[in-house]
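Secondary and tertiary structure notes
Each chain, written out:
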Amino acid sequence: MTIDTAIDPEIALHPLDDPVRSSLRGAHRRFAAWTGRIARYHPEVAKFVGHPPELDEQDWIDLATVLGPGGSTGLRGFGHVIPAGWTVVKEFDSVQLDGSGLRTEPDPGLAVLSAADVPEILELIARTEPGPFAPRTIEMGTYLGIRVRGRLVAMAGERMHPTGWTEISAVCTDAEFRGRGYASRLVRAVGAVVRERGEVPFLHAVAHNHTAISLYETLGFTLRKRSKVTLVQAPG
């Protein structure tokens, strides 16, 4: 894979309509590999692959090259025409929430997590399943945590960085410690970090996760967009 310095820029798209490629053109360029119009993060950082809203024949060829035989990824958007040889593994609905109205609050009492904390982070992620987290995801931005008697029990942090925006992600709390307001505290604190850079927070959620969406709405997030994620597997 090579970084394409002459990418066909669908710059008319809002950054949040193309968050992966917007991030990889800008703040996360150091993690990017491009094949034609298809972009991917370094696999130890994130599993995301960016693509045009509508994939043409060459895009599917490039996507197969990026994924390798039998590789899989999630495509965002509606109406993808899946070529012969590809397999649709599953589909689910998602929502994108705009945090322009998020009530942020710096919180110096939270732990700033680092690469040294990754083994413990991965254990918490495995217990709570907020979404994918790779060995180097910590490098995508600031991650904050809450420790109880030295044990990491809750966390949240920054993931994609499309131009002017930052995604809040990995919001999770160990089941034993839920109901204490940890998630709200963490989201507000990460949002404060984002605002300090002059950016706007946003996040994604699975559409059926009504509990999480309700929490985010009480914090000031509003629905920006509904979408679908189609997990596809390349011929292999």
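Residues numbered from 1 in each chain as written. Predicted model: local features only at pLDDT ≥ 70, side-chain atom pairs only at ≥ 80, totals over all residues. Heavy atoms only, no water.

In this section: the side chain of threonine 128. Tracing the backbone through its elements, the reader meets threonine 128 in helix α3 (residues 118-128). Relative accessible area serves as the criterion here: at 15%, threonine 128 is assigned to the buried category. Within polar-contact distance, the side chain of threonine 128 engages the backbone oxygen of leucine 124 at 2.8 Å. Beyond its immediate stretch of four places on either side in the chain, threonine 128 contacts Cys172, Thr173, Asp174 and Arg178. (Helix = DSSP H or I, 4+ residues; strand = E, 2+ residues; numbered from the N terminus. Buried < 20%, exposed > 50% of the residue type's maximum accessible area, 1.4 Å probe, protein only. Polar contact = N/O pair within 3.5 Å; in protein donor to acceptor, adjacent residues only side chain to side chain. Contact = heavy atoms within 4.5 Å.)

Across the sheet, 8 strands lie side by side as β4-β11-β5-β10-β9-β8-β7-β6; this open sheet has mixed pairing. This sheet does not close on itself; its edge strands, each paired only once, are β4 (72-76) and β6 (111-112). Here 3 bridges tie strand β9 (residues 165-173) to strand β10 (residues 200-206), and the two strands are oriented parallel to one another. Residue pairing across strands places glutamate 167 opposite phenylalanine 202, the latter belonging to β10. Sheet strands in contact with α3 are β7 (143-148), β8 (151-158) and β9, and its direction is about 90° off that of β8. Lying over the sheet, helix α4 (residues 182-196) contacts β7, β8, β9 and β10, oriented at roughly 40° with respect to β8. (Pairing = 2+ DSSP bridges. Axes fitted to C-alpha atoms, helices over the stretch in contact; angles between N-to-C directions.)

Turning to the pairing of β4, a few remarks are in order. Because side chains alternate across β4, one face comprises the buried residues Thr73 and Leu75, and the other comprises Ser72, Gly74 and Arg76, none of which is buried. As judged from the 5 bridges shared by β4 and strand β11 (residues 222-233), these two strands associate in the antiparallel manner. Note on β11: the bridge partner recorded for glycine 74 is leucine 231.

Right, let's talk about the environment of alanine 234 for a bit. On the secondary structure map, alanine 234 appears in the segment after β11. On the basis of relative accessibility, which here comes to 5%, the residue alanine 234 falls in the buried class. Between the alpha carbons of alanine 234 and leucine 67 there is a distance of 7.0 Å; along the sequence they are 167 residues apart.

Let us look at the pairing of strand β5 (residues 87-98). By the bridge criterion, 11 bridges tie β5 to β11 in an arrangement that is antiparallel. Bridge pairing in β11 places valine 95 opposite arginine 226. Bridge analysis of β5 against β10 gives 5 bridges, and the strand direction is antiparallel. Of the residues in β10, the one forming a bridge with glutamine 96 is histidine 204.

Here we come to the environment of glycine 68. With respect to the secondary-structure elements, glycine 68 resides in the loop between α2 (57-67) and β4. Along the chain, glycine 68 and glutamine 233 lie 165 residues apart, while their C-alpha atoms are 9.7 Å from each other.

It is worth spelling out the pattern of salt bridges at this point. Across all of its chains, the model carries 16 salt bridges by this definition. Linking glutamate 139 and arginine 136 is a salt bridge whose minimum nitrogen-to-oxygen distance equals 2.8 Å. Residue glutamate 139 is classed as partly exposed on the basis of its relative accessible area of 35%. By relative accessible area, arginine 136 is classed as partly exposed at 25%. Because the salt bridges share partners, they merge into one network encompassing Arg127, Arg151, Asp174 and Glu176. (Salt bridge = Lys/Arg side-chain N within 4 Å of Asp/Glu carboxyl O.)

A word on the environment of glycine 70. By the element assignment, glycine 70 lies in the loop between α2 and β4. On the basis of relative accessible area, glycine 70 is assigned to the partly exposed category, the value being 29%. Here the alpha-carbon distance between glycine 70 and glutamate 139, two residues 69 residues apart in the chain, equals 28 Å. In this structure glycine 70 touches Gln233, Ala234, Pro235 and Gly236, once residues within four positions along its chain are discounted.

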